[in-house]
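Geometric and topological summary
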Amino acid sequence: MIQEWNEESLDHRNALFYAMGIKDDHIDRPVIGIINSWNEMNPGHFHFRSIVEAIKAEIDMSGGLARELPVIGICDGICSNTPGDRYTLPSRDLISSEVETLAELNKLDGMILLGSCDKVVPGMLMGIMRTNIPSVMVTGGFMLPGRHNGKMITLTHTKQAYAAYVEGDISREEYKDIVRNACPTPGVCPFMGTANTMCATAEILGFSPNGNASVRAGSNEWKEMALAAARRIMDLVRGEVRPLDVVKRLNFENAVAYMMATGGSTNSILHIPAIAKQAGITITPSFFDQMSRKVPVISTIYPSHDTYTMVEFSEAGGLGAVMAELATKSLVDVSAKGMFGTLAEKIAISSNKNREVIHSVDNPIIADGGLAVLSGNIATESAIVKFSAVDREAWRFRGPARIYESQDAAWQAALGDEIREGDVVVIRYEGPKGAPGMPHMETFMAAVLGKGLGKKVALVSDGRFSGATGGLAIGHVSPEAYEGGNIALLENGDIIDIDIEARRLVAMVSDEEFSRRRQNWRRVEKPSTGWLALYKKNCSSAHYGASIY
């Protein structure tokens, strides 16, 4: 049995079950929590409502008692470029605590978790590892891309369009048309952003059905996957198969390899270590960089490719095809087990249907992986760049610092043409403690791209980025400004040297000069109350996952 009860406690619970109409023939069944992040504010989760009753029926037919339990399901896009964005990363830890609370308080025998987006999936995975009861996930699948004047568009194009509209390059009517058509269906944004990166992580760790990470939202195939997950959770409960019995370090290593091969989101370097920690496994930024030097980029979709989206990726064979290509050179461990079988079994039913979209390892798009970990006197611990989304001619960049204490100040400067070609824009006090909450700097970079400066301006920040961010955007600078990292001591005009291939981020400032400046340094305090204040007090640096756990 997964849960042990004494008679009095069980009967006390059952009295409350009777109040909800549960009958004697069901009351002693294993209780399966459907941990559902459905809500009417998030298109990535909006369609989960359509499959809940079918999941319940499948669990009932398999001998379980399904109980639906809601958790937070936020969409980063809703609050982008607003103060609300400070809550998105902290929500990951909040969701993990919700999952833990629901599982432990209700003494669930198993869980099937429904979640899709950037912080929801890693939060749920953290909760799964912590509670260690039989669990599976169903992620939501991708939305279709939009179209405008015959060209592919996504949510992130709306920000670029706004900058172009302010610049006078497009009309207000055209800008609004892009807004209306960017997101035509429910599902997660159809680029290789954080949502699709984390849905892939859930599948590679072994918690979601085969193909779930690269399926269209709401499709018949997606619905069948949900039913398969409902059947599988009952097998796991009967067999008392717990996550930590199955998921090992090699699962996480395979997830990092996939992220490198596909130009996955920089946010994965926050989330994967945080999930692994709940399983007693240590994954560091240095490990990501080791994998980056070992695993090449073999597939790129937007923002690393101008036109390919999850549609083309899925049609080419999706996650399974990428893992199959990596396996040909032993870049993943096919013995890794999951709740739905081994990686070898996944690869056996996968094939690459389009080598223009998914290359072989012998014919990579970029010889290194899609993410690089930089260091130097600005980031003495680490900093991150998604260089698969950086034009090759910008891999070396040197220019004067232009300092801003918030993204909003830098964004307004960009819209007002204060940012010049050759500038290295520094946005600081946007880290886990400084903001607090480490909001993403997507809006500033979208303005830069919208003004045609994507190869001509660099950004260095202790904030983070949307997975859809393009251009020379370096984030997660650690230690952050609030903690007294050297990024806090930079001044306008300091020359900053960036060399992605050499993994170097250096200010042409001597140690002696930094010491002199430190004597006069006073940290910037930004307001925080409630949950944000608790997060600020307890979270680690980005180098360690920006987590309170």
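Computed from a prediction, not measured in an experiment: that's the story for all the values here.

Here the focus is the side chain of Ser96. Along the chain, the position of Ser96 falls in helix H4 (residues 88–105). Overall, the relative accessible area of 0% leaves Ser96 in the buried class. Here Arg130 takes part through its side chain, which lies 3.0 Å from a polar atom of the side chain of Ser96. Ser96 has contacts with Gly123, Met126, Gly127, Arg130 and Tyr549, leaving out every residue within four places of it along the chain.

To continue, consider helix H11 (residues 249–261). With 13 residues, H11 ought to run about 18 Å at 1.5 Å a step, and its terminal C-alpha atoms sit 19 Å apart, in line with that. By the criterion of burial, H11 is predominantly enclosed, with 10 of the 13 residues buried. What H11 keeps buried is the set Asn251, Phe252, Asn254, Ala255, Val256, Ala257, Tyr258, Met259, Met260 and Ala261. Immediately downstream of H11, the backbone of Gly263 shows phi near 65 degrees, a positive value.

What follows concerns the nonpolar core. Core analysis: the largest hydrophobic core is formed by 106 residues, its most contacted members being Ile35, Ile59, Ile112, Phe252 and Leu326. Ranked by residues supplied to this core, first place goes to helix H9 (residues 220–238) with nine residues. Ignoring sequence-local partners within four residues, the contact set of Ile35 consists of Leu69, Val71, Val99, Leu102, Leu108, Met111, Ile112, Leu113, Leu114 and Met124. Ile378, Ala481, Leu489 and Phe514 belong to the second-largest nonpolar core, a separate cluster that totals 37 residues.

Across the sheet, which stays open at both edges, the four strands sit in the order E2-E1-E3-E4 with parallel pairing between neighbours. The sheet terminates laterally at strand E2 (65–70) and strand E4 (135–138), the two strands that pair on one side only. Averaged over all adjacent pairs, the angle separating strand axes in this sheet is 20 degrees, with direction ignored. As judged from the four bridges shared by strand E3 (residues 110–114) and E4, these two strands associate in the parallel manner.

Take the pattern of salt bridges next. Summed over all chains, the structure comprises 35 salt bridges. Across the pair Arg231 and Glu58 runs a salt bridge whose closest N-O atoms are separated by 3.4 Å. Taken together, the positions of Arg231 in helix H9 and Glu58 in helix H3 (residues 49–61) put the pair 173 residues apart, joining distant regions of the chain. Look at Glu58 and you get buried, because its relative accessible area is 12%. For Asp76, the salt bridge goes to Arg464, with nearest N and O atoms at 3.9 Å. Residue Asp76 is located in the loop between E2 and H4, and its partner Arg464 is located in the loop between strand E13 (458–461) and strand E14 (472–478); the two are separated by 388 residues in the primary sequence. Salt bridges sharing common partners tie together Arg396, Arg398, Asp497, Asp499 and Arg504.

Here strand E10 (residues 382–385) shows no split at all, with Ser382 and Ile384 on one side and Ala383 and Val385 on the other all buried. When strand E9 (residues 372–374) meets E10, the two strands line up antiparallel, connected through three bridges. From the neighbouring strand, Ala372 faces E10, where its bridge partner is Val385. Pairing geometry for E10 and E14, over three bridges, is antiparallel. Each bridged residue has a counterpart across the sheet, and for Val385 the counterpart in E14 is Ile474.

Analysis parameters
- Residues numbered from 1 in each chain as written.
- Predicted model: local features only at pLDDT ≥ 70, side-chain atom pairs only at ≥ 80, totals over all residues.
- Heavy atoms only, no water.
- Helix = DSSP H or I, 4+ residues; strand = E, 2+ residues; numbered from the N terminus.
- Buried < 20%, exposed > 50% of the residue type's maximum accessible area, 1.4 Å probe, protein only.
- Polar contact = N/O pair within 3.5 Å; in protein donor to acceptor, adjacent residues only side chain to side chain.
- Contact = heavy atoms within 4.5 Å.
- Expected span 1.5 Å × (residues − 1).
- Core = buried A, V, L, I, M, F, W, Y, C linked by side-chain atoms within 4.5 Å.
- Pairing = 2+ DSSP bridges.
- Axes fitted to C-alpha atoms, helices over the stretch in contact; angles between N-to-C directions.
- Salt bridge = Lys/Arg side-chain N within 4 Å of Asp/Glu carboxyl O.

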